[in-house]
Amino acid sequence: MKYIIGNWKMNKTAGEIVEFTRGLKKYKFPKDKDIIFGLAVPYVYLLGMSKLQVRFWIGAQNVSEHSHGAYTGEISAEMLADVGLDFCIVGHSERRTLYHESDAIVNEKLKQLQEYDMLPILCIGETLEEFEAGKTHDVLSRQIREALKGLDLKKEMIVAYEPVWAIGTGKSATAENIKESVSFIKSEIKKVGADYPVLYGGSVNPANASEILHIDCVDGALIGGASLDPDRYVQIASALYSN
Ligand code: PEP
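Since the structure is predicted, the reported quantities are computational estimates derived from the model, not experimental observations.

Visitor: Mind showing me how you'd approach the layout of surface pockets here?
Guide: Empty space left among the atoms is revealed by rolling a probe the size of a water molecule over them. Of the volumes computed, that of the largest pocket is approximately 480 Å³. With three residues, the single largest contributor to the lining of the largest pocket is helix H4 (residues 93-98). Residue classes in the lining of the largest pocket are distributed as nine nonpolar, four polar and three charged. By volume, the second largest pocket amounts to about 390 Å³. Mapped onto the lining of the second largest pocket, the elements with two or more residues apiece are helix H1 (14-25) and strand E2 (35-40). Here the element with the most residues in the lining of the second largest pocket is E2; it accounts for three residues. When its residues are assigned to classes, the lining of the second largest pocket shows 10 nonpolar, one polar and five charged.

Visitor: How do you make sense of the nonpolar core when you look at a structure like this?
Guide: Grouped together as the largest cluster of nonpolar side chains are 65 residues, with contacts concentrated most on Ile4, Leu39, Phe56, Ile185 and Tyr200. Considering each element in turn, this core owes the most residues, five residues, to helix H8 (residues 175-191). Setting aside anything within four residues of it in sequence, one finds Leu39 in contact with Gly6, Trp8, Phe20, Met49, Phe56, Trp57, Ile58, Gly59, Phe87 and Tyr233. Ile5, Ile36, Ala40 and Leu119 belong to the second largest nonpolar core, which has 13 residues in total.

Visitor: Please clarify how the site of the ligand should be interpreted in this entry.
Guide: Not every one of the 14 residues close to the ligand is listed here, only the nearest: Lys9, His92, Glu162, Gly168 and Ser203. Gly168 places a polar main-chain atom, nitrogen or oxygen, 2.6 Å from an oxygen atom of the ligand. A distance of 2.8 Å is found between an oxygen atom of the ligand and a backbone nitrogen or oxygen belonging to Gly224. Calculation on the ligand without its partners gives an accessible area of 300 Å², and the protein chains cover 96% of this total. Partitioning the shell around the ligand into residue classes produces four nonpolar, eight polar and two charged.

Visitor: Please explain helix H10 (residues 230-238) as it appears in this structure.
Guide: In an α-helix there are 3.6 residues to a turn, and that puts residues three or four apart on one side. All buried positions along H10 are accounted for by Pro230, Tyr233, Val234, Ile236 and Ala237. Within H10, the buried residues cover an arc of 160 degrees as seen down the axis, which keeps them to one side.

Visitor: Help me understand the sheet that holds strand E8 (residues 220-223) in this model?
Guide: Pairing in this closed barrel of eight strands is parallel, and the strands run E1-E2-E3-E4-E5-E6-E7-E8 around the ring. The sheet shows a mean angle of 25 degrees between the axes of neighbouring strands, direction not considered.

Visitor: So what exactly am I meant to see when it comes to the pattern of salt bridges here?
Guide: If charged atoms from side chains of opposite charge come close, those side chains can pair. In the structure shown here, the tally under the stated rule is 13 salt bridges. Of the charged contacts in the structure, one is a salt bridge between Glu94 and Lys9, with a shortest N-O distance of 2.7 Å. Highlighted residues: Glu94 in helix H4 and Lys9 in the loop between strand E1 (2-7) and H1, separated in sequence by 85 residues. For Glu94, a relative accessible area of 28% gives the class partly exposed. Measuring nitrogen to oxygen at the nearest pair gives 2.7 Å for the salt bridge that ties Arg22 to Glu19. Of the two residues, Arg22 and Glu19 are both situated in helix H1; the distance of three residues between them amounts to about one turn of the helix. Look at Arg22 and you get exposed, because its relative accessible area is 52%. One salt-bridge network, held together by shared partners, links Arg95, Glu101 and Lys109.

Reading guide: rules and limits
- Residues numbered from 1 in each chain as written.
- Predicted model: local features only at pLDDT ≥ 70, side-chain atom pairs only at ≥ 80, totals over all residues.
- Heavy atoms only, no water.
- 1 Å grid on protein atoms, 1.4 Å probe; cavity = no way out; pocket = protein on both sides within 12 Å on 5 of 7 lines; lining within 4 Å.
- Points joined across faces, edges and corners; volume = space filled by probe spheres on them.
- Helix = DSSP H or I, 4+ residues; strand = E, 2+ residues; numbered from the N terminus.
- Nonpolar A, V, L, I, M, F, W, Y, C, P; charged D, E, K, R; others polar.
- Core = buried A, V, L, I, M, F, W, Y, C linked by side-chain atoms within 4.5 Å.
- Buried < 20%, exposed > 50% of the residue type's maximum accessible area, 1.4 Å probe, protein only.
- Contact = heavy atoms within 4.5 Å.
- Near = heavy atom within 4 Å.
- Polar contact = N/O pair within 3.5 Å; in protein donor to acceptor, adjacent residues only side chain to side chain.
- Areas by Shrake-Rupley, 256 points an atom, 1.4 Å probe, with all protein chains shown as cover.
- Arc of directions from axis to C-beta.
- Pairing = 2+ DSSP bridges.
- Axes fitted to C-alpha atoms, helices over the stretch in contact; angles between N-to-C directions.
- Salt bridge = Lys/Arg side-chain N within 4 Å of Asp/Glu carboxyl O.

This is the structure:
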């Protein structure tokens, strides 16, 4: 199975979403391929997405680490499951950096999602400083170990390797870096007794998609900026059908 998942972050109005889906409908997505297309959209548009009849997985970009109660502005895993979402992103580097989400909080969020059988997309990745200091393996290993503590490892999960220095910078990791890190992540996940697909994210665009998506250990892409435009999203997805 391959996954092409867009993360819209805090972008788009309702009108722009309608435009986006019109743009997508120009294309015929092959039905015979084992490819899941998905979009992580802002909370307020999650319910409306089903009316647009796009056969995509629809997911949230974040979830509360708490189950319910006096947490103004937060959204629980139970609520996300209640509206029938397909997945939820957890531990995106923007959440870890801008909102100070620790490994322990990421772990609590994953526990909440598991309780309601929501599929998490767990983001992990090293900063530029860590990369340059040769600490990539240490960071990935810690993030995996801490995130998965106390979880039911038989439940499904997707992991996204997103080097922080490649997110939104236009500077993707090299194919060699990606292959090395994704293979390492898979072996670390196996060590704790789990087996999850691993996506790559970080400045994926129509020009580099083919090379990245054809790396044998890479199970798909998590796409930020380029997923805002239907043509670019489709060009990236099309890279899966080409040799
Ligand atoms: C992301 O935010 O998950 C991401 C990969 O962003 P971009 O593709 O814009 O680098």
